[in-house]
Amino acid sequence: MPNNFIINSDIIPFNEIKTLSVQAENADVNFVFEYQGRIFRLIINSDKEAGRWANIQEFCKSWHFKKLMKHGLIPGHVKTGKKLEGFESGDVYIVQRVFIPEPARLTPSQKIDCLIIMCKIQIALSDIDICLTDVHYGNVGFLWSRPVYIDIGSFSERSCILDTHLPPLLDEFGLTFSGDWERLLHDLYHVKVEIPKGEWSNYDNGATLLMQSEMTYNWIKDVPHNRTLTDIGCSSGGFVKYFLEKGYSVIAVESDEYLIDKLYCETRGKQVFCLKAEINGGSVNKPELFKSDIVLASSITHHLARQGFTFKKQAELWQAICNRYLIVEFIDRTDIHVCQWTEIDESYTKENFLNSFKDKWRILDEKSDSPNRYWYFIEKLNGANIEQD
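Residues numbered from 1 in each chain as written. Predicted model: local features only at pLDDT ≥ 70, side-chain atom pairs only at ≥ 80, totals over all residues. Heavy atoms only, no water.

K.L.:
Just checking my understanding: could you explain the sheet that holds strand β16 (residues 322-331) for this structure?
P.N.:
The strands that make up a sheet pair up through hydrogen bonds in the backbone, lying either parallel or antiparallel. Strand order in the open sheet made by the seven strands is β14-β13-β12-β15-β16-β18-β17, with mixed pairing throughout. Unpaired on one side and paired on the other, β14 (272-276) and β17 (361-370) mark the two borders of the sheet. For this sheet, the mean inter-axis angle between neighbouring strands, taken without regard to orientation, is 15°. Bridge analysis of β17 against strand β18 (residues 373-380) gives eight bridges, and the strand direction is antiparallel. Residue pairing in the sheet places W361 in a bridge with K380 of β18. Of the strands in this sheet, β12 (228-232), β15 (292-297), β16, β17 and β18 are in contact with helix α11 (residues 311-321), which crosses β16 at around 150°. (Pairing = 2+ DSSP bridges. Helix = DSSP H or I, 4+ residues; strand = E, 2+ residues; numbered from the N terminus. Axes fitted to C-alpha atoms, helices over the stretch in contact; angles between N-to-C directions. Contact = heavy atoms within 4.5 Å.)

In structure tokens, the structure reads:
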């Protein structure tokens, strides 16, 4: 958590914040907002819904709330002593930045770990009246590989909502809830996840992986602003594991659920966020989930081009998710597979590929690891590193 953040005024102007949750539009409680590049949450007692949040401010100052943070069940919250304009009776907290994937992007193992977090929270709060009263995957974020419950507004004195929200989450894994959280936790730990293999589940680039990893590492190891790396189409995670060992924080992106779930299980506890996502037509929803200092795009440009995703559109995508550096591989038309693809037209040339980076990028280096494969180390012009907590 940041320890040097300063707000020049005791009052945060409401018209200068960016609200990140719909509750703010309705002047509801406990909404999240961004201000001066940091994430905040307003915590304020409310008589809405029969006083469900009547004591939420006291709860967030309590030993129980601190215990949830200590055990890594919720993100870090630091009370600022500042006030938000229009909500002066509430408390303002700096909140640890987390990844918040859409529920559809969670793998089965990630879902189970989210449910485990919910169980642990209920057990931790079993001796007080406040508990989680609203549980679904949209209320969970990830501190890299670790899920945390992010919706503080879900803590209240009413529990009947669980009767509606919890059973559908458990049905997917053949589980039911009898009211015993310890028993449910035990059952979740013993769920066996079985995912059928997909089209790319058996893909193996092990023969060239070490050489390519060392080549890319030598490019980036001494450049500034290189803390985080996104591997687009990470497959079984060879690059991911290599760069984790080198001390990088990695966003691993893969559409094959079998592969990304397996990688998630193999990298629990490490500085990696596994994201099940497919780049269709060259665009992504919530690009902030993909954003990092360095984007690695190996063995993917030809597949995107085959989908009709032009080099120009690809460059625009890298522009959206890359803070500073891009490492991208171009595979030319003489490749044993590419030469057979009828979807690839005459515009698929190395010259057009390189021209797509004009104006907004600077090519720093080029290397080739085979007669028809070319790797490029590219810098984004006016690139700026975005610190992640």
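So, next bit.
K.L.:
Where do I start with the environment of T164 in this structure?
P.N.:
In this fold, T164 is placed in helix α5 (residues 162-171). We classify T164 as exposed; its relative accessible area is 57%. In this structure the C-alpha to C-alpha distance between T164 and R52, which are 112 residues apart in sequence, comes to 17 Å. (Buried < 20%, exposed > 50% of the residue type's maximum accessible area, 1.4 Å probe, protein only.)

K.L.:
Would you explain the pattern of salt bridges in this entry?
P.N.:
Pairs can form between side chains of opposite charge whenever their charged atoms are close. Under the definition given, this model contains 21 salt bridges. Residue D91 is joined to K61 by a salt bridge in which the shortest nitrogen-to-oxygen separation is 3.5 Å. In this pair, D91 is assigned in strand β7 (residues 91-95) and K61 in the loop between α2 (56-60) and α3 (63-70), connecting sequence segments 30 residues apart. What makes K61 partly exposed here is its relative accessible area of 44%. Three or more residues joined by partner-sharing salt bridges are found here, namely K61, K79, K83 and D91. (Salt bridge = Lys/Arg side-chain N within 4 Å of Asp/Glu carboxyl O.)

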